[in-house]
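# Coordinate analysis (summary)
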Amino acid sequence: MSEEHHITPLKTYLLVAGTLFFLTAVTVWASYIDLGSFNIVLALLIAGTKAGIVATFFMHLLWDDKKNATIFVGSLMFLAIFIGITTVSYTHLTLPTKR
């Protein structure tokens with residue numbers, strides 16, 4: 001039983017690393033801009049993009065069995081749903097006031 005191994009060129013790793021550094025700089029830059037409550041949304045979008053890039057290239061999901069990529073994307077979707085439910089619950093929660 002032989003398995004085929006994918007060898008990623010160094011240029012790809014350097015390009016991915018450069019992209020991650022760029023997105024880190026964008027995150028820092030965006031933290032200095034007051035966008036109100038959208039700041040956290042923007043930071044999560046950038047972090048999610050970076051996590052996807054890391055999983056795709058450094059964890060070799062791009063060249064691995066597509067079932068693994070499907071499980072990864074599904075878990076991100078469930079995480080987004082749970083964060084959304086928590087956010088809606090938190091923003092619409094009315095706490096009892098002290099008398």
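Our subject is the structure listed above.
Reading the values: the criteria
The residue numbering used here restarts from 1 in each chain and proceeds along that chain's sequence as written. With the structure being a predicted model, the display of local features is reserved for residues of pLDDT at least 70 and the display and counting of side-chain atom pairs for 80 or more, all residues being used for whole-chain, interface and lining totals. Calculation of side-chain values draws on the structure's entire complement of heavy atoms; hydrogens and water are dropped beforehand. Going along the chain from the N terminus, every DSSP run of H or I of four or more residues is numbered as a helix, and every run of E of two or more is numbered as a strand. Note that the radius of gyration is over C-alpha atoms, with the globule rule given as 2.2 Å times the number of residues to the power 0.38. To sort residues, take the accessible area from a 1.4 Å probe on protein chains only and compare it with the maximum for the residue type: under 20% means buried, over 50% means exposed, and anything in between is partly exposed. In this tally, Asp and Glu contribute negative charge and Lys and Arg positive charge; neither His nor the terminal groups of the chain are included. The atom standing in for a charge is NZ when the residue is Lys, CZ when it is Arg, CG when it is Asp and CD when it is Glu. By definition here, a salt bridge exists when the distance from a side-chain nitrogen of Lys or Arg to a carboxyl oxygen of Asp or Glu is within 4 Å. By nonpolar core we mean a set of buried residues, namely Ala, Val, Leu, Ile, Met, Phe, Trp, Tyr and Cys, connected to one another through side-chain atoms within 4.5 Å. What makes two residues a contact is simply this: any of their non-hydrogen atoms within 4.5 Å.

### Thoughts on the overall build of the chain
For the chain, the helix and strand inventory stands at 3 helices and 0 strands. Ordered by position from the N terminus, the helices and strands of the chain form the series α-α-α. Since a compact globule built from 99 residues should have a radius of gyration of about 13 Å, the 19 Å found for the chain marks it as more spread out than a globular shape. The dimensions of the chain, computed from C-alpha atoms along their principal axes, are 75 × 35 × 15 Å. Residue burial in the chain is summarised as follows: out of 99 residues, 11% are buried. On the chain, the mean spot of the 6 positive side-chain charges and the mean spot of the 5 negative ones are 18 Å from each other.

### Some thoughts on the pattern of salt bridges
The full count for this structure, using the stated rule, is 1 salt bridge. Across the pair Asp-65 and Lys-67 runs a salt bridge, and its minimum N-O distance is 3.4 Å. In this structure Asp-65 comes out as partly exposed when scored by relative accessible area, which is 39%. Overall, the relative accessible area of 57% leaves Lys-67 in the exposed class.

### A closer look at the nonpolar core
If you look at the biggest cluster of nonpolar residues, it comprises 5 residues: Val-16, Leu-20, Leu-23, Ile-46 and Ile-53. Broken down by secondary-structure element, the contributors of at least two residues to this core are helix 1 (10-31) and helix 2 (38-58). Here the element with the most residues in this core is helix 1; it accounts for 3 residues. Look past the residues within four positions of Ile-46 in its chain and what remains in contact with it is Leu-23, Val-26 and Thr-27.

### Remarks on the environment of Tyr-32
On the secondary structure map, Tyr-32 appears in the loop between helix 1 and helix 2. Classification of Tyr-32 by relative accessible area gives exposed; the value is 71%. The sequence separation of Tyr-32 and Thr-86 amounts to 54 residues, and the corresponding C-alpha distance is 26 Å.

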